[in-house]
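# Results of the structural survey
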Amino acid sequence: MSAATDFDLVAVGAGMAGHCTALAGAQAGARVALLEKTGQYGGSTAMCGGALAFAGTDIQRERGIADSAELLEEDLMKAGRYRNDRALVHEYAVRQHDAYRWLQGLGIPFDQVSLSGSQSVPRNHGTDPKAALALLHRHALASGRVDFRTHAAARRLLTEGEGDARRVVGVELADGTPLRARGGVVLATGGFSRAADLVERFAPELRAARPMGGEGNTGDGLRMAWALGADLVDMGHAKGTFGAPVEAPAPGHEGRAPRIVSAMYRGAIVVNRGGRRFVDESVSYKVIGDRCLQQDGAVAFQVFDQQVMDQSSPLPSVADYAAALAAGQLRTAPTLAALAGELGIDAARLQRTVERYNAACDGREPDEWGRTSLSTGFGRPTRVERGPFYGIACTTGLTSTYCGLRTDTTGRVLDVFGRVIPGLYAMGELVGGFHGETYMSGSSLGKGCVFGRIAAADAAARAGVAVSDGGSSG
Ligand SMILES: Cc1cc2nc3c(=O)[nH]c(=O)nc-3n(C[C@H](O)[C@H](O)[C@H](O)COP(=O)(O)OP(=O)(O)OC[C@H]3O[C@@H](n4cnc5c(N)ncnc54)[C@H](O)[C@@H]3O)c2cc1C
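## Side note on the overall build of the protein chain
The secondary structure content of the protein chain amounts to 13 helices and 19 strands. Whereas a compact globule of 474 residues would reach a radius of gyration of roughly 23 Å, the protein chain reaches 23 Å, a difference of no more than 12%. Once the C-alpha set of the protein chain is aligned to its principal axes, its extents read approximately 70 × 45 × 45 Å. Split into buried and exposed, the 474 residues of the protein chain put 59% on the buried side. Taking the intrachain contacts of the protein chain between residues at least 6 apart in sequence as the baseline, contacts between residues at least 24 apart amount to 73%. Summed over its atoms, the accessible surface of the protein chain is roughly 17,800 Å², and 50% of this surface lies on carbon and sulfur atoms.

Printed below as a string of structure tokens:
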């Protein structure tokens, strides 16, 4: 470990948000400490689906998808039921395309664009999250300005001054080492999906959801800022994600099985153990996650036919049905009755459910749950008819919490009276206000990048270092 203890910027947490902050800080000329509590960088970012929500991109244009910053902003607000902080959402909409170009310029490929929850057009730009992080990490180290440390948990924020003059000047590590940050401390410690006490306090209805975030995501940044009077927002809106396979992957498939499967946006229906649908499957998987927890055993089954199977696409997508089949999590059978037997659900009821669903697809009767699209108004539901049939038992996973510190559009943390806490920034999943009631797929990685770059430039300016245009790796 390096002995340096004085920096322009200290970024706490080495996932997407921490890496984008550290690299952008280095590009702006700052000397940066990038701290990671566990033995390796990555956090939830390294485990995730690798989808980033961007609008108006070259790849969308090539595929004839008409999208814009305005439509993205409206979709984000709509997903959040207009309880989001409009200023944050607007800033994201305006700055996201530049972030996309920055990531592309660093060499991160985006080779797919797909439709996902709360998106009115396909805008999830897919990339391999581990490879993307590795690239960001290499650029950060190559800048010569980033001191990356593992097993370096920040446990407390250091301040100077009293009352209105109080400001954050650094962090104290778990071993007692103080690190100074002239321009500011950026908290990027992720959510609190692994902190049972915080889940119990803020989202007790999710105690049955399966914790799925990074192992170090125990709400440390939230607690450190809270101790200084930081305001918290969206705490009542933490939600789980529907689609976590109930069955563990077969031996040998652990690293190759999907963590989340969401076939409903390609045409699957979702039924409970009684063989009944219980939700409009085109809505956000966060909403389906809530409803799933209310079903018998907190389990629901995605059921689909060969037409959906034919749309399987490889990991890290949430549509890798072939990998789920190979891992023994997805079951298949030539008839719906046989599939119901495999899955342990009511066969006669499943048959009737599918007949009613197909009638609604044909327009012969209204859909019993009001489904009219594949996702959020996009695409038409398709009949479940062409065997073999497939089904997978899923539950709700707590992948991410998406609520927490209140910030302004520069990422500066605000206290409970709405005043900036000087020297303190927060990024990524631990920030509240951006998503409102519900998260739109792909917007977490995206916001970590967008706001990480903004905060890094601000902290670098605060430290008095020269700000460049951020166009190279440093
Ligand atoms: C299965 C799954 C699929 C997902 N799919 C997508 C997707 O496709 N698109 C999308 O946008 N989002 C997705 N998400 C959510 C997304 O991955 C996260 O919200 C996002 O990666 C969070 O990034 P972050 O940088 O804020 O935090 P993280 O990537 O979690 O990084 C936080 C880091 O901080 C470290 N840390 C914590 N406390 C301390 C401390 N005290 N000191 C130092 N370090 C500390 C942690 O160990 C961790 O490494 C998914 C999540 C999961 C689990």
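## A short note on the layout of surface pockets
To find leftover empty space, a probe the size of one water molecule is rolled over the atoms. Computed from the structure, the second largest pocket encloses a volume of approximately 320 Å³. Lining the second largest pocket are 13 residues, with K78, A79, R81, V283 and S284 sitting closest to its centre. Among the elements that make up the lining of the second largest pocket, the one with the highest residue count is helix α3 (residues 69-79) (three residues). Of the residues belonging to the lining of the second largest pocket, the class tally is three nonpolar, five polar and five charged. Viewed by domain, the lining of the second largest pocket spans two of them, domain 1 (6-237 + 401-463) and domain 2 (241-398), each represented by three or more residues.

## Notes on the pattern of salt bridges
Applying the stated criterion across every chain, the model contains 31 salt bridges. Here R95 ties to E91 by a salt bridge, and the two come within 3.1 Å at their closest N and O atoms. Residue R95 and its partner E91 are located together in helix α4 (residues 86-105), separated by four residues, close to a single helical turn. Between R207 and E200 there is a salt bridge, and its shortest N-O distance comes to 2.8 Å. For E200, a relative accessible area of 38% puts it in the partly exposed group. One salt-bridge network, in which partners are shared between bridges, spans R277, E281, D367 and R371.

## Some thoughts on the sheet that holds strand β3 (residues 51-53)
Strand order in this open sheet of three strands is β3-β5-β4, and the pairing throughout is antiparallel. At either margin of the open sheet sits one strand with a lone partner, and together these are β3 and β4 (112-114). For this sheet the average axis-to-axis angle between neighbouring strands, irrespective of direction, equals 35 degrees. Direction of pairing for β4 relative to strand β5 (residues 124-126): antiparallel, over a ladder of three bridges. What sits directly across from S114, in β5, is N124.

## Some details on the environment of V113
Note that V113 resides in strand β4. Relative accessible area serves as the criterion here: at 14%, V113 is assigned to the buried category. Setting aside chain neighbours within four positions, we find V113 in contact with I59, Q60, R63, I65, P122, R123, N124 and H125.

## Considering the confidence of the model for the protein chain
Summing up the model confidence of the protein chain, the mean pLDDT is 95 and the portion of residues at 70 or higher is 97%. With pLDDT under 50 throughout, residues 469-474 is counted as low confidence; its partners more than four residues away or in other chains account for nine contacts.

Conventions and cut-offs
- Residues numbered from 1 in each chain as written.
- Predicted model: local features only at pLDDT ≥ 70, side-chain atom pairs only at ≥ 80, totals over all residues.
- Heavy atoms only, no water.
- Helix = DSSP H or I, 4+ residues; strand = E, 2+ residues; numbered from the N terminus.
- Rg over C-alpha atoms; globule rule 2.2 N^0.38 Å.
- Buried < 20%, exposed > 50% of the residue type's maximum accessible area, 1.4 Å probe, protein only.
- Contact = heavy atoms within 4.5 Å.
- Areas by Shrake-Rupley, 256 points an atom, 1.4 Å probe, with all protein chains shown as cover.
- 1 Å grid on protein atoms, 1.4 Å probe; cavity = no way out; pocket = protein on both sides within 12 Å on 5 of 7 lines; lining within 4 Å.
- Points joined across faces, edges and corners; volume = space filled by probe spheres on them.
- Nonpolar A, V, L, I, M, F, W, Y, C, P; charged D, E, K, R; others polar.
- Domains from an automatic or database assignment.
- Salt bridge = Lys/Arg side-chain N within 4 Å of Asp/Glu carboxyl O.
- Pairing = 2+ DSSP bridges.
- Axes fitted to C-alpha atoms, helices over the stretch in contact; angles between N-to-C directions.
- pLDDT = per-residue confidence, 0-100.

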